[in-house]
Amino acid sequence: MNVLLGVGGGIAAYKAAELARALMEGGARVQVVMTAGAQEFVQPLTFAALTGRKVITDLFSSASGDATLSSAIEHIGAAQQNDVLVVAPATADLLAKFANGLADDFLTTTYLAFTGPVILAPAMNTNMWLHQATQENMKRLRARGHRVVEPDEGHLACGMTGPGRLASPDVIASAVLAEGNRRYDLEGETILVTAGPTHEPLDPVRFLTNRSSGKMGYAIAEAARERGARVILVSGPVHIPAPRDVTLVPVRTANEMRTAVLDRLAEATIIVKSAAVADFYVSSPPNQKIKKTAARLSLELDPTPDILSELGRKKEDRLLIGFAAETENLDREARRKLEAKNCDMIVGNLVGGDTGFDSDENEVVLALRTGETLIVARASKRVIADRIFDEALRLRLALYARQ
Ligand code: CTP
């Protein structure tokens, strides 16, 4: 992987040398670009010696023979030849220039010419970091899809304590290396994901629901998006933010979820039904609040439509992945649901313990249409999400390549 490391003019510039070394240890080739300010803090020679490559220091420098200097149009080449641009330390000035598209030196012109992933590691005085201007710039940069390695809190060179210290070079290096290793194997796919619980009204103020937090489905949507898919996320009511760049379709009840899913089915190439859909609902809830007058209250519940079963009938050659939340007999139930609902994969998870519904982690079994059952050890929901897609792609090859 080729990494362009932009070094801004801050007291933390010297830590960029450690970052360059960590990146190289991780197998990256590193090209350093220093702003004029950065050169006030660290000599270009430090980076040239570390990376074994000339350091780019200026947009308009002459071909003076100085091994640390660059030629006039090199920023275009630098933008084209590198896979990732990381800026550390990203000063308030650089962030403002990036946010507004100002291009008055090598780093800022390269930023505009660069089309790959950008990682920003800000470092500055706490008040500068917390200033509304900087925070507004950060918001715009994040919205552009750039990854931000948040500054640490701590004692700063200016004597203040608070957020603003450059994150550790190892943390920045891992973010850069992870970016470089990212797969784009879901490009061209449209993935329809359902997530969260449903709310089934009992009256205008009460509803039936379950403990689903939506975290598994949101991790699936995020993983799919990051691997290059277009993602439609049909979500029941949850308290977590939607991942960036997915189309969110908020719904409340099982019936609303069914309508939303069937509306978008034609676009989908893979469907992941991780929502914990209520199985029963009150088909005609009263318009007024149920009063506490009766000594005992019975609710008459009707079954909700089984969306997954309906998708199983309508799926054609789409890959259909369902979930099974069980408190016992996980493998058997997962396989039973796979057959009964005509799925290609069932992700079975045990709920009721410390993984499952509200947790950040999960451990699951994957029952596949090929007859295999795979055990996925405990891991973050994001890691599990990636594993589901790894297996889904493998499965599709196995199932449909034969046709
Ligand atoms: N599901 C669905 N529509 C429903 C109920 C469930 O689409 N009305 C989907 C869920 O999104 C999940 C899968 O079916 O992908 C399995 O859900 P689960 O609640 O584990 O299974 P049920 O079919 O409801 O069976 P049981 O409650 O008997 O375990």
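Just so it is clear, the structure is predicted and the values come from calculations on it, not from any experiment.

Criteria and cut-off values
- Residues numbered from 1 in each chain as written.
- Predicted model: local features only at pLDDT ≥ 70, side-chain atom pairs only at ≥ 80, totals over all residues.
- Heavy atoms only, no water.
- Pairing = 2+ DSSP bridges.
- Helix = DSSP H or I, 4+ residues; strand = E, 2+ residues; numbered from the N terminus.
- Axes fitted to C-alpha atoms, helices over the stretch in contact; angles between N-to-C directions.
- Contact = heavy atoms within 4.5 Å.
- Domains from an automatic or database assignment.
- Near = heavy atom within 4 Å.
- Polar contact = N/O pair within 3.5 Å; in protein donor to acceptor, adjacent residues only side chain to side chain.
- Areas by Shrake-Rupley, 256 points an atom, 1.4 Å probe, with all protein chains shown as cover.
- Nonpolar A, V, L, I, M, F, W, Y, C, P; charged D, E, K, R; others polar.
- 1 Å grid on protein atoms, 1.4 Å probe; cavity = no way out; pocket = protein on both sides within 12 Å on 5 of 7 lines; lining within 4 Å.
- Points joined across faces, edges and corners; volume = space filled by probe spheres on them.

Draft legend 1. Looking closely at the sheet that holds strand E16 (residues 319-326). Overall, mixed pairing links the eight strands, which are arranged E12-E11-E8-E13-E16-E17-E18-E19 in an open sheet. The strands lining the two open edges of the sheet, one partner per strand, are strand E12 (247-250) and strand E19 (373-380). Ignoring strand direction, the axes of neighbouring strands in this sheet form an average angle of 20°. With respect to the sheet, helix H11 (residues 254-264) is in contact with strand E8 (190-195), strand E11 (230-235), E12 and strand E13 (270-273), its orientation differing from that of E8 by roughly 175°. Where helix H13 (residues 330-340) meets the sheet, its contacts fall on E16, strand E17 (345-350), strand E18 (361-368) and E19, and the angle it forms with E18 comes to roughly 50°.

Draft legend 2. Molecular detail of the domain arrangement of the protein chain. Under the domain assignment used here, the protein chain contains domain 1 (2-180) and domain 2 (190-402). Between the C-alpha centres of domain 1 and domain 2 there is a distance of 41 Å.

Draft legend 3. Broad picture of the site of the ligand. Lys273, Ala275, Phe323, Lys337 and Lys341 are the nearest of the 16 residues found near the ligand. A distance of 3.1 Å is found between a nitrogen atom of the ligand and a backbone nitrogen or oxygen belonging to Ile307. Here an oxygen atom of the ligand sits 2.4 Å away from a polar atom, N or O, in the side chain of Lys341. Contact with the protein chains removes 79% of the 570 Å² of surface that the ligand exposes when unbound. The greatest single-element share of the shell around the ligand, amounting to four residues, is contributed by E16. Taken together, the residues of the shell around the ligand break down into nine nonpolar, two polar and five charged.

Draft legend 4. Spatial organisation of the layout of surface pockets. Each pocket or cavity is described by its volume, and for the largest pocket that value is around 650 Å³. If you go around the largest pocket, you meet 31 residues; those closest to its centre are Ala275, Ala276, Val277, Phe323 and Ala325. Looking at side-chain class alone, the lining of the largest pocket contains 13 nonpolar, eleven polar and seven charged residues. Of the volumes computed, that of the second largest pocket is approximately 570 Å³. What lines the second largest pocket is a set of 22 residues, among which Gly145, Arg182, Glu226, Arg244 and Asp245 lie closest to the centre. At the level of elements, strand E4 (118-122) and helix H10 (215-226) are the ones that each hand at least two residues to the lining of the second largest pocket. Ranked by residues supplied to the lining of the second largest pocket, first place goes to H10 with three residues. A per-class count over the lining of the second largest pocket returns seven nonpolar, five polar and ten charged. In this structure, the lining of the second largest pocket is formed jointly by two domains, domain 1 (2-180) and domain 2 (190-402), each of which donates at least three residues.

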